[in-house]
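Geometric and topological summary
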Amino acid sequence: MQQSINIKNKLLKLIWINFIEKININYAKKIIFSSNFEKIETNKVLKINKPTIIKNFLQCSILKNLYRKKNYLLYLGRIHPKKNIHKIIEAYPKNINYKIKLVGPGSSDYLFRLKKLILSKKLKSNIKILKPIYNNSKNKIFAEARYSILLSETENFGNTILESVLNYTPVIISKNTGLSSIIQKYKAGYVINNSVKSLKNIFMKIQKKKNHKISKKVVKEIAFIFNEEKIINDYLKIFNMR
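The structure reproduced in this document is the subject of the present report.

Each value, and the rule that gives it
- Residues numbered from 1 in each chain as written.
- Predicted model: local features only at pLDDT ≥ 70, side-chain atom pairs only at ≥ 80, totals over all residues.
- Heavy atoms only, no water.
- Helix = DSSP H or I, 4+ residues; strand = E, 2+ residues; numbered from the N terminus.
- Buried < 20%, exposed > 50% of the residue type's maximum accessible area, 1.4 Å probe, protein only.
- Areas by Shrake-Rupley, 256 points an atom, 1.4 Å probe, with all protein chains shown as cover.
- Pairing = 2+ DSSP bridges.
- Axes fitted to C-alpha atoms, helices over the stretch in contact; angles between N-to-C directions.
- Contact = heavy atoms within 4.5 Å.
- Phe/Tyr/Trp six-rings, centres within 6.5 Å; stacked < 30°, edge-to-face > 60°.
- Lys NZ or Arg CZ within 6 Å of the ring centre and 35° of its normal.
- Core = buried A, V, L, I, M, F, W, Y, C linked by side-chain atoms within 4.5 Å.
- Expected span 1.5 Å × (residues − 1).
- Arc of directions from axis to C-beta.

Helices and strands together make up the secondary structure of the protein, namely 10 helices and eight strands. Within the protein, the proportion of its 242 residues that are buried is 43%. Working note: accessible area of the protein is about 14600 Å², and carbon and sulfur atoms make up 54% of it.

Structure, rendered in structure tokens:
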């Protein structure tokens, strides 16, 4: 059922792009993408002759590393099938020391599916689904996690990846995310295929490995790349072009 819905959505998207957005693209002076990944994926559908990459920004300051790490892994975001949260549950090995927290809003159908999967695998005490949290509470839950996870089918950018790193928490992310190259460059976590097998292997790897720490230097450098003022200036340069 879900697969047929996904196929239908992809078909509608292709029709929209080829018959509506193609006209807008042809008349545009510049096409702005939030990541190289987004540009590459778009080029698979449409030929883009005037691409420019301007990253998203986060309104954030360098956070102090105030919190002690706790034994849990974190998914924080929208609870949706596209995010592959069910794969996190399927990959979870019972002999791992870490618990898992799944935090965010979602559709009742998918939440029901996840809860049913947790029960069927007898993981009720290991994996918790929590309500959305915001502001300082969000920083705290990121900072206390050992790793955060984002295993999306595709993710043009991924704000929660940045939020995690800026709270000194490394990430486990799908290679289909716009920030995967940044994570690899700064060794701020693991970039994997979004398969159950790949995630299970990483779970076992981090079980054996000592704490994966993100240095203040790396946090500062990544924060600079996505600085609000810098990215606004990038947009102004585009708008001031003749």
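Now that the structure has been shown, we can carry on.
Let us look at the sheet that holds strand β3 (residues 72-76). Spatially, the six strands line up as an open sheet ordered β5-β4-β3-β6-β7-β8, and their pairing is parallel. Each edge of the open sheet is held by one strand with a lone partner, namely β5 (127-130) and β8 (189-192). Strand-to-strand twist across the sheet, computed as the mean angle between neighbouring axes with direction ignored, equals 20°. The strands touched by helix α5 (residues 135-144) are β3, β4 (99-103) and β6 (147-150); relative to β3, the strand with the most contacts, the crossing angle is about 140°.

Next up on the list: unusual backbone geometry. Phi at K122 is positive, roughly 55°, even though this residue is not glycine. For K122, the location among the structural elements is in the loop between α4 (108-120) and β5. Positive phi, close to 55°, is recorded for N135, a residue that is not glycine. Here N135 lies in helix α5.

Its location among the elements puts K87 in helix α3 (residues 85-91). Residue K87 is classed as buried on the basis of its relative accessible area of 16%. The spatial distance from the C-alpha of K87 to the C-alpha of S152 is 10.0 Å, given a sequence separation of 65 residues. Non-local contacts of K87, meaning those with residues more than four positions away in its chain, are made with L151, E153, N194, V196 and L199.

One pass over the full model with this rule turns up two aromatic pairs. With centroids separated by 6.5 Å and ring planes inclined at 70°, the aromatic side chains of Y92 and F203 adopt a geometry described as edge-to-face. A residue pair is termed long-range when its members are at least 10 positions apart, and Y92 in the loop between α3 and β4 and F203 in helix α8 (residues 196-208) qualify at 111 residues. Among the residues examined, Y92 registers a relative accessible area of 4% and is labelled buried. You can call F203 buried: its relative accessible area is 0%. If you follow K101 out to its NZ or CZ, it ends over the ring of Y72, 4.1 Å from the centre.

Here we take up the nonpolar core. Nonpolar side chains in soluble globular proteins tend to be buried together. In this structure, I172, F203 and I206 are the most contacted members of the largest nonpolar core, which totals 50 residues. In this structure, I172 is in contact with Y147, S148, I149, L150, Y190, I192, L199, I202 and I206, ignoring residues within four places of it in sequence. Y72, L76, V103 and I141 belong to the second largest nonpolar core, which has seven residues in total.

Attention now goes to α8. When the terminal C-alpha atoms of α8 are compared, their 19 Å separation across 13 residues agrees well with the 18 Å that a helix rising 1.5 Å per residue should span. Buried within α8 we find S198, L199, I202, F203 and I206. Take α8 and look down its axis: the buried residues cluster within an arc of 140°, on one side only. In α8, the exposed positions angled more than 90 degrees off the buried face are occupied by K197 and K208. Against β3, α3, β4, β6, β7 (171-174) and β8 lie the buried residues of α8.

Keep in mind these numbers describe shape, not what the thing actually does.
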